[in-house]
Amino acid sequence: MELDAHTRCTYLMPNTDTHKREQFTPQFAVAGFLVPGLGHVLRGETWRGIAIFAGVMWLWVAGLLVGGVDVIDHVDNKWWFLGQAAVGAPTFAVDIIHQKAFKHTDPVTGERRNITPDEARAQSGDPNARPPASESLAHMEEIGSLFGAIAGMMNLLCILDAAWRSRDRRNRESRRTGAPAPIAGAQRGEATA
Amino acid sequence: MIGATLAFRPILDPAPIGPTGWWLLLIPMALGVAMAYKAVRANNPRAWVSQVLVMTIQIVVGITLAAFAAHVMVEWVAPALAGP
């Protein structure tokens, strides 16, 4: 393939400025871990950050709706929780609420566990009482957990992208494919290569 | 089933989807994966929308074909190999 002079300079010649800007930037990774997409918003790619937030939170909220709050549990569901934890602050917040508000201490074993329907009825004296959150079982637990874990893996991908992938590389890819410049900096005509 | 549906508390209880409809959750799952993945890959919002739709369809069709292949293997090929 024949490359024009500009493309040769962009792709083949070492450019210390570009390489410097492609170095690991942990502040964007931390931001992306706190709120999905925030890392991209802070680095100036607002629409991309919003799109990431929409995609990751769609999966995460769908997992909660399908499996219930019981699927986010670092004690009883710890292997799934490892994947879900990559969503960041939302997962840890829900896990803390789950452990504190929806579980009680087993009088025999001393372990924290979900309140059963019988215990809820006995505690309230109401024959129609229900536990604050129901145990998730079978397909709904598996699929709810899977949704959350996929959300975590997708957010991990986005965190890595926010931390390493530079505006400059995106703009070079955009020029190579002929697509319009993806970020505001390039549209304003900032030097990228 | 009706009673269980009326009693459903979103997020507090698992969804009352039942044993026959759970596989339809493939569609929102494929949509979410495509939204997050194409957010990293697309060059602009307009391209993101179109690429998400295409990737969602690709995932759903791919998984459906894989499920059909597994069905053929388990129901037809394996019994045929096992013999009478």
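A quick note: this is a predicted structure, and the numbers were derived from the prediction, not measured.

Novice: I tried to follow the overall build of chain B on my own but got confused; where do I start?
Specialist: Broken down by element type, chain B carries 3 helices and 0 strands. Counting helices and strands in the order they occur from the N terminus, chain B gives α-α-α. Against the globule reference of 12 Å for 84 residues, chain B gives a C-alpha radius of gyration of 19 Å, more extended than a compact globule. Reported as C-alpha extents along the three principal axes, the dimensions of chain B are approximately 60 × 40 × 15 Å. Of all 84 residues assigned to chain B, the portion counted as buried reaches 24%.

Novice: Is there a simple way to explain the interface of chain B and chain A in this structure?
Specialist: Bring the parts together and some accessible area is lost; that lost area is often taken as the interface size. Between chain B and chain A, the contact holds 24 residues from the first and 35 residues from the second. Among the elements of the structure, helix 2 (26-41) and helix 3 (45-82) of chain B are those that each provide at least two residues to the side of chain B that touches chain A. It is helix 2 of chain B that provides the largest number of residues to the side of chain B that touches chain A, a total of 9 residues. A class-by-class count of the residues in the side of chain B that touches chain A yields 20 nonpolar, 3 polar and 1 charged.

Novice: Whenever I open this one, the nonpolar core confuses me. Can you help?
Specialist: As a rule of thumb, nonpolar side chains are buried together in soluble globular proteins. Judged by nonpolar contacts, the single largest core of 52 residues is most densely connected at Val-56, Leu-59, Phe-147, Ile-150 and Cys-158 of chain A together with Ala-39 of chain B. Looking at this core, the elements with two or more residues in it are helix 3 (26-34), helix 4 (38-42), helix 5 (46-67), helix 6 (78-84) and helix 9 (138-164) of chain A together with helix 2 and helix 3 of chain B. With 12 residues, helix 9 of chain A is the single largest residue contributor to this core. Other than its neighbours up to four places away in sequence, Ala-39 of chain B contacts Arg-48, Ala-51, Ile-52, Gly-55 and Cys-158 of chain A together with Trp-48 of chain B.

Novice: Is there a simple way to explain the environment of Lys-100 of chain A in this structure?
Specialist: Residue and element names in this part refer to chain A. In this structure, Lys-100 sits in helix 7 (residues 89-101). Since 9 C-beta atoms lie within 10 Å of it, Lys-100 is described here as exposed. Sequence-wise, Lys-100 and Arg-43 are 57 residues apart; in three dimensions their C-alpha atoms are separated by 36 Å.

Novice: Looking at this structure, how should I read the packing of helix 5 of chain A against helix 2 of chain B?
Specialist: How two helices pack is summed up by the angle between their axes together with the distance between the axes. As a packed pair, helix 5 of chain A and helix 2 of chain B sit with axes 8 Å apart at the nearest point and diverge in direction by 155°. Considering the angle they form, helix 5 of chain A stands roughly antiparallel to helix 2 of chain B. In this structure, the crossing between helix 5 of chain A and helix 2 of chain B has a hand that is left-handed. Every residue of helix 2 of chain B that contacts helix 5 of chain A at Arg-48, Ala-51, Ile-52, Ala-54, Gly-55, Val-56, Trp-58, Leu-59 and Ala-62 of chain A is listed here: Pro-28, Gly-32, Met-35, Ala-36 and Ala-39 of chain B. For the contact of helix 5 of chain A with helix 2 of chain B, the residue count by class is 11 nonpolar, 2 polar and 1 charged.

Novice: Honestly, unusual backbone geometry in this entry has me stumped. Any pointers?
Specialist: When glycine is set aside, most residues are seen to have a negative phi, and most peptide bonds are trans. Residues other than glycine seldom take positive phi values, yet Ala-138 of chain A does so here, at roughly 55°. Topologically, Ala-138 of chain A is positioned in helix 9.

Novice: I would appreciate a short explanation of the confidence of the model for chain B in the present structure.
Specialist: As a general rule, the predicted coordinates of low-pLDDT regions are not to be interpreted in detail. With 93% of its residues at a pLDDT of 70 or more, chain B has an overall mean of 91. At the level of chain-chain contacts, confidence expressed as ipTM amounts to 0.88, with global pTM at 0.81.

Novice: Would you explain helix 8 (residues 117-124) of chain A in this entry?
Specialist: The α-helix winds at 3.6 residues per turn, so residues separated by three or four positions along the chain end up facing the same way. Along helix 8 of chain A, only 0 of the 8 residues are buried, which leaves the element largely exposed. Looking one or two residues beyond helix 8 of chain A, the residue adopting positive phi is Gly-125 of chain A, at roughly 75°.

Novice: Would you mind showing me how to read the environment of Phe-33 of chain A here?
Specialist: Residue and element names in this part refer to chain A. Turning to its location among the elements, Phe-33 is positioned in helix 3. A C-alpha to C-alpha distance of 9.3 Å links Phe-33 and Cys-158, two positions 125 residues apart in sequence. Beyond its immediate chain neighbours, meaning those up to four positions away, Phe-33 contacts Gly-88 and Ile-159.

Quick notes on the rules
- Residues numbered from 1 in each chain as written.
- Chains lettered and ligands numbered in written order.
- Predicted model: local features only at pLDDT ≥ 70, side-chain atom pairs only at ≥ 80, totals over all residues.
- Helix = DSSP H or I, 4+ residues; strand = E, 2+ residues; numbered from the N terminus.
- Rg over C-alpha atoms; globule rule 2.2 N^0.38 Å.
- Buried ≥ 20, exposed ≤ 12 C-beta atoms within 10 Å, placed from the backbone.
- Contact = placed C-beta atoms within 7 Å.
- Nonpolar A, V, L, I, M, F, W, Y, C, P; charged D, E, K, R; others polar.
- Core = buried A, V, L, I, M, F, W, Y, C linked by C-beta atoms within 7 Å.
- Axes fitted to C-alpha atoms, helices over the stretch in contact; angles between N-to-C directions.
- Parallel < 35°, antiparallel > 145°, perpendicular 65-115°, else oblique.
- Left-handed = near helix turned anticlockwise from the far one by under 90°.
- pLDDT = per-residue confidence, 0-100.

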